[in-house]
Amino acid sequence: MALGCGDISLALLTDLYQFTMAYGYWRSGRHREIAEFELFFRDPPFEGGFSLYCGLQEVLLYLRDFRLSDEEIAYLESALPSTVDKAFYRYLKTVDASEVTVKSIAEGSVVFARVGFDCTSNVLAGKLYDIPVAGTVGHSYVTSFSSLEEVHPKVLEPAGGKDPAVDFLVLVEAWLQQVCQLLGVSPEHVNRGELAAFVSYGIAFPLNFLVLVDTYCVKRSGVPNFCAVALALHQLGYRAVGVRLDSGNLARQSVEIRSTFRACAKHFNVPAFEKLSIAISNNVSERSLLQLNQEDNEIDVIGVGTNLVTCPLQPSLGCVYKLVQVNGCPRMKLSEDQDKMTIPGSKTVYRLYDCHGHPFLDLMALEDEPPPSVGREMELHVLGRWEETRKVTPGATEVLHRVYFKDGQICQHLPTISDVKAHAQHSLNMLPSEHRKLHNPKPFKVALSEKLYHLLNNLRRTSHLQ
């Protein structure tokens, strides 16, 4: 049991879709694959230029003691669809963090936007207060698939359970050809990894099929892939729930998606398609709700998270937790909104210092790259100006990540509060004053190595988004 405040277990302090995705991985036999995620933030708080990194000790203690109790598993069984295999709940009883590795910057360090630390349909709230819980699927589930060969199992029984199982993947591919022809979309533009994720999720949750369609390109990939799986489910007697959008112009996209649903309903004679749900999320606030109400939209469901439970002045750091690698293969969330793209691959982060000992840039490089050399000029690409090449010569370098948790054990000395305070003060003193200004601070530069930049560009090209 993972304890938090008092005697309340925090093992369920997560979104429901984390458990639906876990079931999807387990159902397809992928739950033992090695995956790497990064935690980062996009913007510093209070319109400032940096943040101080704290809270690592609580995370490590949580991971060390993580277990799901029988009571928690019983609650999950009541909250998840009845189609979930009972063996999944037996599997959950064996889950702990003994195979988790956490690499992190030292607590109390100055940190900057987009630099990751490896490592709300909130389930705990539902259990404690009897609030109905609902969830979809995250971008990490979609990006974890790269080809249709990864779909397992490939068969699905028709609704009612009386007829033999059919090859669901073959059925979906047949529907995809018809959908692409109707929508005027080239099948070559459809992302096959996304299709594999949708098929796998549809097999796991045929009665609750609602997926994110903005991981790659909404019009050319996400919506066609969804329609193909939804129509295949309909053919087998199931009814899809709908789609979720988490980026871009939500109102405009909802109108376009509803138009597509109506076209499919008419062309394929499936009236239920017209009424499929369109859900949105992405930092929904009172201001954005007002703006949505002033625009034409076809939105049915609005997911309010951060702004529902926090104050609006500075509600949160806006952290992001995204998949970057599976089984040694880089993974990337692509989006028409460049700010929502993730940076792929297992990385090492270096802080570069000038000849006076002041930090001037954080460099993200692939883990297998040689470290930057002191006194040697190097080329890199600054985030936000990726197309430009910049040359720098570091006077000193520092590796920011250390391994803090491995094989179920904390493997670094945990500092006292006084130690963290002293380190934080030292980090702030080292930071040039132009980055510490209260108003309009100069942004601290974060950059990609040449090799990481080329990997990112190659993944963008192969997904037809460049």
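Before any of the text, the structure's been laid out above.
Note that the structure is a prediction, hence the values are computed from the model and not measured.

Reading the values: rules and limits
Residues numbered from 1 in each chain as written. Predicted model: local features only at pLDDT ≥ 70, side-chain atom pairs only at ≥ 80, totals over all residues. Heavy atoms only, no water. Phe/Tyr/Trp six-rings, centres within 6.5 Å; stacked < 30°, edge-to-face > 60°. Buried < 20%, exposed > 50% of the residue type's maximum accessible area, 1.4 Å probe, protein only. Helix = DSSP H or I, 4+ residues; strand = E, 2+ residues; numbered from the N terminus. Lys NZ or Arg CZ within 6 Å of the ring centre and 35° of its normal. Polar contact = N/O pair within 3.5 Å; in protein donor to acceptor, adjacent residues only side chain to side chain. Contact = heavy atoms within 4.5 Å. Axes fitted to C-alpha atoms, helices over the stretch in contact; angles between N-to-C directions. Parallel < 35°, antiparallel > 145°, perpendicular 65-115°, else oblique. Left-handed = near helix turned anticlockwise from the far one by under 90°. Nonpolar A, V, L, I, M, F, W, Y, C, P; charged D, E, K, R; others polar. Salt bridge = Lys/Arg side-chain N within 4 Å of Asp/Glu carboxyl O.

K.L.:
Quick one: what's the story with the packing of aromatic side chains, residue by residue and with numbers?
P.N.:
Taken as a whole, this structure holds 18 aromatic pairs when the rule is applied. With 5.2 Å between their ring centres and 65° between their planes, Y23 and F205 make a pair best called edge-to-face. With a relative accessible area of 1%, Y23 lands in the buried category. For the ring pair F226 and F261, a centre distance of 5.7 Å and an interplane angle of 45° mean the geometry is tilted. One end of the pair, F226, is in helix α9 (residues 218–235); the other, F261, is in helix α10 (residues 250–267), with 35 residues separating them in the sequence. F261 shares its class with F226; the two are buried. Cluster of aromatic residues (ring-pair linked, three or more members): Y23, Y25, W26, F88, Y89, Y91, Y141, F145, Y201 and F205. Over the face of the ring belonging to F145 we find R30, whose NZ or CZ atom lies 4.1 Å from the ring centre.

K.L.:
Can you explain the side chain of R30? Please cite residues and give values.
P.N.:
Tracing the backbone through its elements, the reader meets R30 in the loop between α1 (16–27) and β1 (35–41). Here the side chain of R30 touches E33 through a polar contact of 2.9 Å, side chain to side chain. The residues contacting R30, other than those within four sequence positions of it, are Y25, S144, F145, E150 and V326.

K.L.:
Before we move on, can you summarise the packing of helix α8 (residues 192–204) against α9 with the specific residues and values?
P.N.:
α9 packs onto α8 with a crossing angle of 30° between their chain directions and a minimal axis gap of 10 Å. Classified by the angle between their axes, α8 and α9 sit roughly parallel to one another. α9 is crossed by α8, and the crossing has right-handed handedness. Packed against α8, whose contacting residues are E194, L195, F198, V199 and G202, the element α9 presents S221, G222, N225, F226, V229 and L233 at the interface. When its residues are assigned to classes, the contact of α8 with α9 shows 6 nonpolar, 4 polar and 1 charged.

K.L.:
Before we move on, could you go through the environment of H358 and cite the residues and values that matter?
P.N.:
Note on placement: H358 falls in the loop between β14 (347–353) and β15 (359–366). Look past the residues within four positions of H358 in its chain and what remains in contact with it is L352, Y353, M430 and P432.

K.L.:
So what about the pattern of salt bridges? Which residues, and what values?
P.N.:
Between side chains of opposite charge, a pair can form when the charged atoms approach closely. Evaluation of the coordinates by the stated rule reveals 18 salt bridges. One salt bridge connects R30 with E33, and the closest N-O pair in it is separated by 2.9 Å. For E33, a relative accessible area of 29% corresponds to the partly exposed category. Between E298 and R262 there is a salt bridge, with its nearest N and O atoms 3.6 Å apart. Placement of E298 in the loop between α11 (286–293) and β11 (301–302) and of R262 in helix α10 is noted, with a sequence separation of 36 residues between them. By relative accessible area, E298 is classed as partly exposed at 25%. When salt bridges that share partners are traced, they join R258, R262, E298 and D300 into one network.

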